[in-house]
Amino acid sequence: MASAIARTPTGAAEEPRVLPRQSFLVGAFYRFIARRLVLVGVVLVFFLTFLAVFGRIIAPYDPIKQDLVNVLAPPSAAHVLGTDELGRDTLSRLLTGSTISLQVGIVAVLMASIPGVVIGVVVGYRGGWADSIVMRILDGFMAFPSLVLALTIVSVLGASVFNVMLAIAVTSFPHYGRLVRGQVLACREFDYILAIRSVGARDARIIFRHVLPNVISPVLVQASLGVGFAITAEAGLSFLGLGIQPPTPTWGTMIQVGFQYLEIAPWLVMAPGSMIFIAVLGFNLLGDGLREALDPHLRPVK
Amino acid sequence: MARYVVGRLIAAVPVIFITALIVFTLGHMLPGDPITFIVGDSQSAFSQQQIDAIRHDYGLDQPIYVQFGIWLEKAATGDFGRSFQSRQPVLSIIVPRMLPTAQIAIETWVLALLIGVSVGIMSAVSPNSWKDWVGTFAALFGAAIPFFLTASILMFVFALHLRWLPASGYVPIYQDPIASLRSTLMPSIVLCLGLAAVVTRQTRSSLVEVLQQPFVTTARAKGLRERVVIVRHSLKNALLPVLTIMGFQVGHIFGGAVITETIFAIPGMGRLMVESVAAREYLVMQALVLIAATTVVLANVVVDLLYGFLDPRISISRG
């Protein structure tokens, strides 16, 4: 399968610059838009982080306080996003839910990327039979559809915030391992690594001072995309009733309940659905921006 | 050629073996005596002697690696044990659930390919134009929009309000093909957006690359119409990487099926997975996970093989 990846054109890196048929100003406009897209990503991620940190404080109501005279109320001045089947304020629940979502997203990515990077660096640097065996194991993990594997892990370990993060991490760590291993393999062949080795530098020094800095930028890109994935996966697990358990408000559980009232109260699904959309879009754009900013091959030649 | 095919298949064996090992290990991480999964709740109905006999029969008195061997051997022949509750063989529970999932998967694939390739071509033929930007935005949105949001909007508008499509349920294709397509249209659209986004991006970048090749200039210099240059000469080359991407996305469709089949009440493998998790039917779960992973591995083998046949640069005679 590695051969199939190798055959795929490396995409954007080799993409030839097409001579624009339009004027300079029009071109500049589009380039500006291109940068603005990254900016949109940064703004969305900041917005989300703000909500996650201050969500509980700025929430107008207690997110788990029921108001049984005011159930399934449509959006109004008192309840901007309406109320749910128990009269709880949707906006407040949404804001409180953002904390869990972002927390799961970031911690799951850390839990996946750190072991992934360590495995990738070690086997990529050592090579040989250990490399072959570890790569087959990672292939094995990657063969599982992520959500199916995460679902199985949570159902075996039991539903809790930590187990959800662990399950998401287990489904994504092989991607980091593969990515880093490929980078290290390429990096190992560079002349300067040979030069450092020839003056007698120890492996640990070569890895930490010279190999790691070279492989870390694709990891950052992958991590940014990974947060978006983890947020979606958490919502998926909670939606299926296997994530974070009620009454803690999470976007996934809000969606699960909301679907039962879709006809009369569509905001109950669409509001948290839109939040997931914003979160994933933000982290995807941020990842794309990081890719362009960090890839030396893509720096425009002046 | 036969050597090439066999070689690719053999390369898939260790991966399938590892997935089986992971599934087996997960099964063993469950608390409790595995014998309860075989005799079920009715444990008291069996005498200790009978339980010991069953334990021996299933090899549960053997060392763990022998157990794995026995389990793998049975799984390879389609014997995943019996259901906890209905006492039916696990495979006979799974097989009827395969059709809806497979049908939706195929529809998703076709839709994603149609949408992704057309938008990708639109983007690639005039890079940096407004059309290109529409394509880029569409791909960004398609990649980020969660299943829930698409599903809720479609269901609200087309099923609950306009009442054009059924909100849930599944009609088998052999019963009524039209009704069957109607019942699977919304889940397929929901699943295909993310895939279409990936296809769009890949089609655009590989087509832009191909259009720079000298043979395209030659074709244009010959006076061929742009349409012919793109469809007949360039697309063939540009779609090869798209094929690889589609192969890698089989897992995405499987994972998505768990969500969409739950939302739209489709009696497929995804919903069976959720049902068996809820009912603690571990043997059904184990079998489903293994079948899903094996399908993904085999799909990648098929893509690899297709690639070998379609790309003249890869010599298949060398194996």
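Remember, predicted model here, so these are calculated numbers, not experimental data. Every residue gets a number counted from 1 within its own chain, in the order that chain's sequence is written. Labels are handed out in written order, letters beginning with A for the chains and numbers beginning with 1 for the ligands. Reporting in this predicted model follows two pLDDT cut-offs: at least 70 for local features of residues, and 80 or more for side-chain atom pairs to be given and counted; totals over whole chains, interfaces and linings ignore these cut-offs and use all residues. The side-chain values count all of the structure's non-hydrogen atoms but skip hydrogen atoms and water molecules.

Undergrad: Could you give an account of the confidence of the model for chain A, with specific residues and numbers?
TA: Residues and elements named next belong to chain A. pLDDT is a per-residue confidence score from the predictor, ranging from 0 to 100. For chain A, mean pLDDT is 82; residues scoring 70 or higher make up 86% of the total. Residue contacts are defined here by distance: any two heavy atoms, one from each residue, within 4.5 Å place the two residues in contact. Across residues 1–16, where pLDDT falls below 50, the model places 28 contacts with residues more than four positions away in sequence or in other chains. Confidence drops under pLDDT 50 across residues 298–302; counting only partners more than four residues distant or on other chains, this segment forms six contacts.

Undergrad: So what about unusual backbone geometry? Which residues, and what values?
TA: Note: most residues except glycine have negative phi, and most peptide bonds are trans. Residues and elements named next belong to chain B. With phi around 55°, R163 is a residue other than glycine that occupies positive phi space. What counts as a helix is a DSSP run of H or I of at least four residues, what counts as a strand is a run of E of at least two, and both are numbered from the N terminus. Its place among the elements puts R163 in the loop between α8 (147–161) and α9 (177–210). Burial classes follow relative accessibility: with a 1.4 Å probe on protein chains only, a residue under 20% of its type's maximum area counts as buried, one over 50% as exposed, and anything between as partly exposed. The exposure class assigned to R163 is exposed, which follows from its relative accessible area of 57%. Here A265, not a glycine, exhibits a phi torsion of approximately 50°, which is positive. Turning to its location among the elements, A265 is positioned in the loop between α12 (250–263) and α13 (269–278).

Undergrad: Outline empty space enclosed by the protein, supporting the account with residue identities and numerical values.
TA: Here a cavity denotes grid points, spaced 1 Å and computed from the protein atoms alone, that fit a 1.4 Å probe unable to get out, and a pocket denotes an open set having protein on both sides within 12 Å along at least 5 of 7 lines; residues with an atom within 4 Å of a point are the lining. Grid points are joined across faces, edges and corners, and a volume is the space filled by probe spheres set on the points. The full count for this structure, using the stated rule, is three cavities of 30 Å³ or more. Taken as a whole, the largest cavity holds about 90 Å³ of empty space. As for the largest cavity, its lining consists of A:T152, A:V156, B:V23, B:L26, B:G27, B:L30, B:Y282, B:M285, B:Q286 and B:V289. For the lining of the largest cavity, the secondary-structure elements that each account for two or more residues are α5 (146–157) of chain A together with α1 (2–28) and α14 (282–310) of chain B. When residues in the lining of the largest cavity are grouped by element, the largest group, four residues, is from α14(B). Split into classes, the residues belonging to the lining of the largest cavity amount to seven nonpolar, three polar and no charged. Both domains that furnish three or more residues to the lining of the largest cavity are identified here as domain 1 (2–90) and domain 2 (96–318) of chain B. Of the volumes computed, that of the second largest cavity is approximately 60 Å³. The residue classification treats Ala, Val, Leu, Ile, Met, Phe, Trp, Tyr, Cys and Pro as nonpolar and Asp, Glu, Lys and Arg as charged. All others, Gly included, are polar. All domain edges in this entry derive from an automatic or database-based domain assignment.

Undergrad: I'd like a rundown of the interface of chain B and chain A, residues and numbers included.
TA: Counting residues at the interface gives 65 residues for chain B and 56 residues for chain A. Put simply, buried area is the surface a 1.4 Å probe can reach on two separate parts but cannot reach once they are joined, added for both. Taking both sides of the interface into account, the surface hidden between chain B and chain A amounts to around 5,200 Å²; carbon and sulfur atoms contribute 79%. Criterion for a salt bridge: a side-chain nitrogen of Lys or Arg within 4 Å of a carboxyl oxygen of Asp or Glu. For the pair chain B and chain A, the interface holds two salt bridges. Across the pair B:R163 and A:E263 runs a salt bridge, and its minimum N-O distance is 3.1 Å. Mapped by element, the contributors of at least two residues to the side of chain B that touches chain A are α1, α7 (130–144), α8, α9, α11 (226–248), α12, α13 and α14 of chain B. Per-element accounting of the side of chain B that touches chain A gives the leading share, 10 residues, to α14(B). A breakdown of the residues in the side of chain B that touches chain A according to their chemical character gives 46 nonpolar, 12 polar and seven charged.

Undergrad: So, helix α4 (residues 128–143) of chain A: which residues are in play, and what are the values?
TA: Structural remark: α-helix, 3.6 residues per turn; residues separated by three or four positions point the same way. A helix is expected to span 1.5 Å multiplied by its residue count minus one. End to end, α4(A) covers 23 Å across 16 residues, agreeing with the expected 22 Å (1.5 Å per residue, within 8%). Along α4(A), the residues classified as buried are A:A130, A:D131, A:M135, A:L138, A:D139, A:G140, A:F141 and A:A143. Where α4(A) is buried, its residues meet α3 (90–126), α5 and α6 (161–188) of chain A together with α1 and α14 of chain B.

Undergrad: Give me the lowdown on the domain arrangement of chain B, citing residues and values where you can.
TA: Residue and element names in this part refer to chain B. Here chain B is partitioned into domain 1 (2–90) and domain 2 (96–318). The straight-line distance from the C-alpha centre of domain 1 to that of domain 2 is 34 Å. Contacts between the two partners involve 24 residues from domain 1, matched on the other side by 22 residues from domain 2. In this assembly, domain 1 packs against domain 2 so that about 2,000 Å² is buried in total across both faces, 75% of it on carbon and sulfur atoms. Sorting the residues of domain 1 by area buried against domain 2 places Y4, V23 and F80 first, and these three jointly supply 29% of that buried surface. Joining domain 1 to domain 2, the criterion identifies one salt bridge. Of the charged contacts in the structure, one is a salt bridge between R8 and D304, with a shortest N-O distance of 2.9 Å.

Undergrad: Got a sec to walk through the confidence of the model for chain B? Specific residues and values, please.
TA: Confidence in the prediction for chain B averages 85 pLDDT; 92% of positions are at 70 or higher. Across the whole predicted complex the pTM is 0.86, and at the interface the ipTM reaches 0.87.

Undergrad: Outline the environment of A:I168, listing residues and values.
TA: One can find A:I168 in helix α6. Filtering out sequence-adjacent residues up to four positions away, A:I168 remains in contact with A:V104, A:A108, A:F229, A:A230, A:A233, A:E234 and A:L237.

Undergrad: Go over the nonpolar core with me, naming the residues and quoting the values.
TA: Residues belong to one nonpolar core when they are buried, are Ala, Val, Leu, Ile, Met, Phe, Trp, Tyr or Cys, and are joined through side-chain atoms within 4.5 Å. A:W251, A:F259, B:I94 and B:I263 are the most contacted members of the largest nonpolar core, which totals 161 residues. Here this core gets 16 residues from one element, more than from any other, and that element is α14(B). Two domains each provide a minimum of three residues to this core, namely domain 1 (2–90) and domain 2 (96–318) of chain B. Beyond its immediate stretch of four places on either side in the chain, A:F259 contacts A:F239, A:V269, B:F148, B:A151, B:S152, B:M155 and B:I263.

Undergrad: Give a detailed account of a nonpolar patch on the surface, specifying residues and quantitative values.
TA: Residue and element names in this part refer to chain A. A patch consists of residues exposed above 30% relative accessible area that lack any salt bridge, with like charges linked at up to 9 Å and nonpolar side chains (Val, Leu, Ile, Met, Phe, Trp, Tyr) linked at up to 5 Å. For the accessible areas, the method is Shrake-Rupley and the probe is 1.4 Å, while residue cover comes only from the protein chains on display. Taken together, the side chains of F50, V53, F54, I57 and I58 define a hydrophobic patch exposed on the protein surface, amounting to about 500 Å² of accessible area. Structurally, the position occupied by F50 is in helix α2 (residues 24–58). Residue classification places F50 among the partly exposed positions, given a relative accessible area of 43%.

Undergrad: Help me get a handle on the side chain of B:S83, residues and values and all.
TA: All names here are of chain B. Its location among the elements puts S83 in the loop between α4 (64–76) and α5 (90–94). A relative accessible area of 1% places S83 in the buried class. Throughout this description, a polar contact denotes any pair of N or O atoms lying within 3.5 Å of each other; where both atoms belong to protein, one of them has to be capable of donating a hydrogen while the other can accept it, and for residues adjacent in sequence the pair is counted only when both atoms sit in side chains. Polar side-chain contacts of S83 include one of 3.0 Å to the side chain of E281. With sequence-adjacent residues up to four places away left out, S83 is seen in contact with Q88, V90, I93 and E281.

Undergrad: Requested: an account of the environment of A:A233, with residues and values cited.
TA: Residues and elements named next belong to chain A. Secondary-structure assignment places A233 in helix α8 (residues 203–239). Taking the C-alpha atoms as reference, A233 lies 9.2 Å from G252; in sequence the two are 19 residues apart. Excluding residues within four positions of it along the chain, A233 makes contact with L147 and I168.

Undergrad: Give a detailed account of the packing of α8(A) against helix α10 (residues 267–294) of chain A, specifying residues and quantitative values.
TA: Residue and element names in this part refer to chain A. Relative orientation of the contacting elements α8 and α10 amounts to 170°, with a least axis distance of 8 Å. Compared by their axis directions, α8 and α10 come out roughly antiparallel. Taking contact as the criterion, the partners of S217, L220, V221, S224, L225, V227, G228, I231, T232 and A235 in α8 are, on α10, I276, A279, V280, F283, N284, L286, G287, L290, R291 and L294. The class makeup of the residues in the contact of α8 with α10 is 13 nonpolar, six polar and one charged. Working convention: axes come from line fits to C-alpha atoms, limited for helices to the stretch in contact. Angles between N-to-C directions cover 0 to 180 degrees. Angle categories are assigned with fixed cut-offs, so that under 35 degrees is roughly parallel, over 145 is roughly antiparallel, 65 to 115 is roughly perpendicular, and the rest are oblique.

Undergrad: Which residues make up the packing of α12(B) against α14(B), and what are the values?
TA: All names here are of chain B. Axis separation between α12 and α14 bottoms out at 9 Å; the angle between their running directions is 155°. When the interaxial angle is binned, α12 and α14 end up roughly antiparallel. In this structure, α12 crosses over α14, and the sense of that crossing is right-handed. Of α14, the residues touching α12 (which contributes V250, G251 and F254) are A292, T295, V296 and A299. In terms of residue class, the contact of α12 with α14 is built from five nonpolar, two polar and no charged. Helix crossings are classified by the rotation of the near helix relative to the far one: an anticlockwise turn of less than a right angle makes the crossing left-handed, while a clockwise turn makes it right-handed.

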